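A look at the structure
Here is what each chain is made of, one letter per residue.
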Amino acid sequence: MSHRGPLTAVITTVLGATLGGLLVWRVYRTRRKRLPSIQKVCQTAQLPPPVQIPSSEQLLGVKPVMVSSEEEWQQLWPLMQKELSVFPVLGLDCEWVSVKGQVSAVSLLQMASYSGLCVLVRLLPFRSGQQAFPLSLIEVLRDPHVLKVGVGCYEDGKRLTRDYGLSLTCTVDLRYLALRQRYMNNGLSLKSLAADLLNVSLDKSLELRCSDWEADQLTLEQVMTYAARDAQVSIALFLHLLGLRSDAGPASSSGSSYSELAARCQGLVDVPFRGRGDGDDRAADGERRRRTRKPPTYESPESGDQQVPDPRKNNKRKPLGVGYSARKSPLYDNCFLHAPDGQPLCTCDKKKAKWYLDKGIGVLQSEEPFVVRLLFEPSGRPDSQQDYYLTAKENLCVVCGKADSYIRKNIVPHEYRRHFPTEMKDHNSHDILLLCTSCHAASNVHDSFLKQQLAEEFAAPQGCEEGVRLLEDSDRRRVRSAARALLTAGDGLPEQRREELQVLIKSFLNMNERQELTDEALQQAAGLETRIFNEAYVPHGLKVVRAHAEQGLLGLMDLERRWRQHFLTAMHPRHLPPLWSVDHNHSKFLRKYGEDLPIKLN
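The protein chain is annotated in an unreviewed UniProt entry as Exonuclease 3'-5' domain-containing protein 2 from Seriola dumerili. Under the UniProt heading Subcellular location (unreviewed entry), the entry covering the protein chain gives this text: "Mitochondrion membrane". Check the Catalytic activity (unreviewed entry) section of the UniProt entry for the protein chain; it says "Exonucleolytic cleavage in the 3'- to 5'-direction to yield nucleoside 5'-phosphates."

**Description of the overall build of the protein chain**
Per the secondary structure count, the protein chain includes 24 helices and 16 strands. Each of the 602 residues in the protein chain was classed as buried or not, and the buried ones make up 46%. Total accessible area on the protein chain stands at roughly 32000 Å², and carbon and sulfur atoms take up 51% of it.

**Let's talk about the packing of helix α23 (residues 552-571) against helix α24 (residues 586-593)**
Two elements in contact, α23 and α24, have axes whose closest approach is 11 Å; the angle formed by their N-to-C orientations is 170°. Viewed along their axes, α23 and α24 adopt a mutual orientation that is roughly antiparallel. Relative to α24, the crossing made by α23 is right-handed. Of α24, the residues touching α23 (which contributes Leu553, Leu554, Met557, Glu560, Arg561 and Arg564) are His586, Phe589 and Leu590. The class makeup of the residues in the contact of α23 with α24 is 5 nonpolar, 1 polar and 3 charged.

**Digging into the sheet that holds strand β1 (residues 65-67)**
Think of a sheet as strands paired side by side through backbone hydrogen bonds, with each pair either parallel or antiparallel. Pairing is mixed in the open sheet, where 6 strands are placed in the order β1-β6-β5-β2-β7-β8. Two strands close off the open sheet at either side, each with one partner strand: β1 and β8 (171-173). Each neighbouring strand pair of the sheet contributes to a mean axis angle of 30°, computed without reference to strand direction. Relative to strand β5 (residues 108-112), strand β2 (residues 89-95) runs antiparallel, the two sharing 5 bridges. In the strand pairing of β5, cysteine 94 is matched with leucine 109.

**Concerning the side chain of arginine 564**
Looking at where arginine 564 falls in the secondary structure, it is placed in helix α23. A polar contact is formed between the side chain of arginine 564 and the side chain of aspartate 431, at a distance of 2.9 Å.

**Topic: the nonpolar core**
If you look at soluble globular proteins, the nonpolar side chains tend to sit buried side by side. Counting residues in hydrophobic clusters, the biggest one holds 48 residues, and the most contacted among them are Phe87, Leu147, Leu174, Leu177, Val233 and Phe238. When residues of this core are traced back to their parent elements, those giving at least two are α3 (56-60), β5, β6 (118-122), β7 (147-150), α8 (174-180), α9 (190-198), α11 (220-241) and α18 (437-457). In terms of residue count, the dominant contributor to this core is α11 (10 residues). Among the nonpolar cores identified, the runner-up in size contains 29 residues, and Trp96, Ala105, Val119 and Val146 belong to it.

**Points about the packing of aromatic side chains**
Tallied over the entire structure, the rule returns 10 aromatic pairs. Here tyrosine 176 and phenylalanine 449 contribute two aromatic rings whose centre-to-centre distance is 5.5 Å and whose plane-to-plane angle is 65°, an arrangement assigned as edge-to-face. With tyrosine 176 in helix α8 and phenylalanine 449 in helix α18, this residue pair connects regions lying 273 residues apart in the sequence. You can call tyrosine 176 buried: its relative accessible area is 1%.

**Here we look at the pattern of salt bridges**
One pass over the structure, following the stated rule, counts 16 salt bridges. For the salt bridge of arginine 264 with glutamate 260, the shortest nitrogen-to-oxygen distance reads 4.0 Å. With arginine 264 and glutamate 260 both in helix α12 (residues 258-264) and 4 residues apart, the pair spans about one turn of that helix. Since its relative accessible area comes to 26%, glutamate 260 is described here as partly exposed. The salt bridge involving aspartate 431 is made with arginine 564; its shortest N-O contact spans 2.9 Å.

**Considering the environment of cysteine 348**
With respect to the secondary-structure elements, cysteine 348 resides in strand β10 (residues 344-348). When its relative accessible area of 10% is taken as the criterion, cysteine 348 is described as buried. Filtering out sequence-adjacent residues up to four positions away, cysteine 348 remains in contact with Asp333, Asn334, Cys335, Leu337 and Ala353.

**Details of unusual backbone geometry**
Cis peptide bonds are those with omega within 30 degrees of zero, and the linkage from glutamate 368 to proline 369 qualifies with 0°. Relative to the helices and strands, proline 369 resides in the loop between β11 (362-366) and β12 (371-374). The phi dihedral of cysteine 170 falls on the positive side, at around 65°, and the residue is not glycine. Inspection of the secondary structure assignment puts cysteine 170 in the loop between α7 (153-164) and β8.

**Quick look at α23**
Between the first and last C-alpha of α23 there are 29 Å, a value that for 20 residues agrees with the 28 Å anticipated at 1.5 Å per step. Count one or two residues on from α23 and you reach histidine 572, which has phi positive near 50°.

**Describing the pairing of β11**
The sheet contact formed by β11 and β12 spans 4 bridges and is antiparallel. Considered in β12, the bridge of leucine 364 is made with valine 372. Remark: 4 residues form the turn of the hairpin made by β11 and β12, two consecutive strands paired antiparallel.

**Here we look at the sheet that holds strand β9 (residues 335-338)**
A sheet is described by the order of its strands in space; here 4 strands give the open sequence β10-β9-β12-β11, paired in mixed fashion. Strands with a single pairing partner mark the edges of an open sheet, and in this sheet they are β10 and β11. Here the strands of the sheet are splayed against their neighbours by 30° on average, with no regard to which way each runs. Here 4 bridges tie β9 to β10, and the two strands are oriented antiparallel to one another. Residue pairing in the sheet places cysteine 335 in a bridge with cysteine 348 of β10.

**Digging into the state of the cysteines**
Counted under the stated rule, the structure contains 0 disulfides. Note on cysteine 94: no disulfide assigned, nearest cysteine sulfur contributed by cysteine 153 at a separation of 9.6 Å. No disulfide involves cysteine 397; its nearest neighbouring cysteine sulfur is the one of cysteine 400, lying 3.6 Å away.

**With respect to the environment of aspartate 387**
By the secondary structure assignment, aspartate 387 is in the loop between β12 and β13 (407-410). On the accessibility criterion, aspartate 387 (19% relative accessible area) is buried. Spatially, the C-alpha atom of aspartate 387 lies 8.5 Å from that of cysteine 346, the residues being 41 residues apart in sequence.

**Regarding the environment of glutamine 232**
Along the chain, glutamine 232 turns up in helix α11. Those residues in contact with glutamine 232 that lie beyond four places of it in its chain are Leu59, Leu60, Val62, Ala112, Gly116 and Cys118.

Cut-offs and rules
Residue positions are counted from 1 within each chain, in the order its sequence is given. Reporting in this predicted model follows two pLDDT cut-offs: at least 70 for local features of residues, and 80 or more for side-chain atom pairs to be given and counted; totals over whole chains, interfaces and linings ignore these cut-offs and use all residues. Hydrogens and waters are ignored; side-chain quantities use all the structure's heavy atoms. UniProt positions are given in the numbering used here, feature names are shortened, and annotations may be inferred rather than shown by experiment. By the criteria applied, helices consist of DSSP H or I runs no shorter than four residues and strands consist of E runs no shorter than two, each listed in order from the N terminus. Summary of the burial criterion: residues with accessible area below 20% of their type's maximum are buried, those above 50% are exposed, and those between are partly exposed, where the area comes from a 1.4 Å probe applied to protein chains only. Computed with the Shrake-Rupley method and a 1.4 Å probe, the accessible areas treat only the protein chains shown as cover for residues. Simply put, an axis is a line fit to the C-alpha atoms, just over the touching stretch for a helix, and the angle between two N-to-C directions goes from 0 to 180 degrees. For classification purposes, an angle smaller than 35 degrees is called roughly parallel, one larger than 145 roughly antiparallel, one from 65 to 115 roughly perpendicular, and anything else oblique. The hand of a helix crossing depends on one turn: near helix anticlockwise from the far one by less than a right angle means left-handed, and clockwise means right-handed. Contacts are assigned to residue pairs with any non-hydrogen atoms lying within 4.5 Å of each other. The nonpolar class holds Ala, Val, Leu, Ile, Met, Phe, Trp, Tyr, Cys and Pro. Asp, Glu, Lys and Arg form the charged class, and all remaining residues, Gly among them, are polar. In short, DSSP must find at least two bridges between two strands for them to pair. Any pair of N or O atoms that falls within 3.5 Å is considered a polar contact. Within protein, one atom must be able to donate a hydrogen and the other to accept it, and sequence-neighbouring residues count only if both atoms are side-chain atoms. Only buried Ala, Val, Leu, Ile, Met, Phe, Trp, Tyr and Cys residues count toward a nonpolar core, and they belong to the same one when joined by side-chain atoms within 4.5 Å. Think of it this way: a Phe, Tyr or Trp ring, Trp meaning its six-membered ring, pairs with another when their centres are within 6.5 Å, and the plane angle makes it stacked under 30 degrees, edge-to-face over 60, tilted otherwise. What makes a salt bridge here is a side-chain nitrogen of Lys or Arg within 4 Å of a carboxyl oxygen of Asp or Glu, nothing more. A helix is expected to span 1.5 Å multiplied by its residue count minus one. Defined by distance alone, a disulfide is two cysteine sulfur atoms within 2.5 Å.

In structure tokens, the structure reads:
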């Protein structure tokens, strides 16, 4: 072999690598010039393009579409379906009337998509039985992967179920989202939220609220100014509260998916709003409360027999917590009970201390402070003089310090505590604290978040179909509606429709198709009870407590600790009594009963 062989091989290798690199570079440049746009790649790969969020002005500027028949709905549904495939959220609202104090069926269902497309569905034509609800409408209302947002939308769903047998699921009340964002400025009504967050004014005048929603022709003001506006504002508020604004640029396709949106509403889906005294603007936007209660009515030719609030009533906005009944007397009298040898046992109220005196089993040691010495050996003594029950407690709100208006707060809600074993229910005043009315209302809102988390963790639903004592049977409702339609409309129904309703009723009554459907059978079907007992019903609180009790005493103490820590985290109390603790009595329970205590739930 020539001595120049290795050198030649090296030079050949270097030249080959260089020429190969040049060739690869030229091919890369050529292919790079031919690369399609991002949009074309998305289309080729069938990936959804980024969602362009419209501004509130654009969204509210879209004209609504009225639907009164199945045919009209079917024409519009493909467009609505396309919108939901991009952004699975509907702004939702309902309208109904009250005649002489009696609430009628829901007249109008309003639904708006993220772009502002608003569909106003007139429901009364479907109630008469002349035509069935479109299947796609039924399915989108109960679709668990389409969020329905609004103020009071959960309650609207209950009305739709009661009046038409329509199931509404996956609702999110905008008031919860506003509270989660720490918004408590001027009330939580749709009107207040729209004004403060969107700078949009909603017309909530009495004439519009109480107008005839069952009229053959709705006015332009009813359609444009009121009904469509409520649904469109609901979706606009949802976008705003989640920070999905038009000026933030297009939202990614993943950011607009149901799973991502539902995650941002965690704990709020299908939760009824429990804000008693929740700050609703009852004068301007309290139609939900007003339409479900029976205030004094004043009839006039202009009112159309609608339910009208007393005009003499002072309709000023009320702060959070109004409606709560504050205590008339202090909770803590800070009287003391002592053992026969003088050892302090606990504090108590004066009524209990005097009971020992009246029974002759205690003697008065001093008036100030009020101390009673027992004349018998108590069943138990405190472990040390650093015991929670030996400390004097102030009569003030433990959160803000307000001392002139307060009520008791159960830190572990009664719906759970009531099922605890007796050993954990005795002497639990540690978990009863004083809160002013507004802090109590705010605390209840925070509690609803944790309750929903517990409901999801332990499959213990509250307020939904699986967690109710009575269930609405959709089959029985359809049969009842069919019978009532035949009794009321009779020969006025189209022959084909009349035959369909008769077949439905006969099938339910186990009648032969050739048998004649008598008036007696129709009356029987028209009077069907549509609610059936839910044999699988277990109260939410009991189911949660049972799940923790499977871990014995330690499991129940975990539940107790979780609620106590939740109160500290959510409310940041600044005036807790001395020695208040999230682990109160836990070490004592373990010493006294042991981890293997047999759990007997109440």
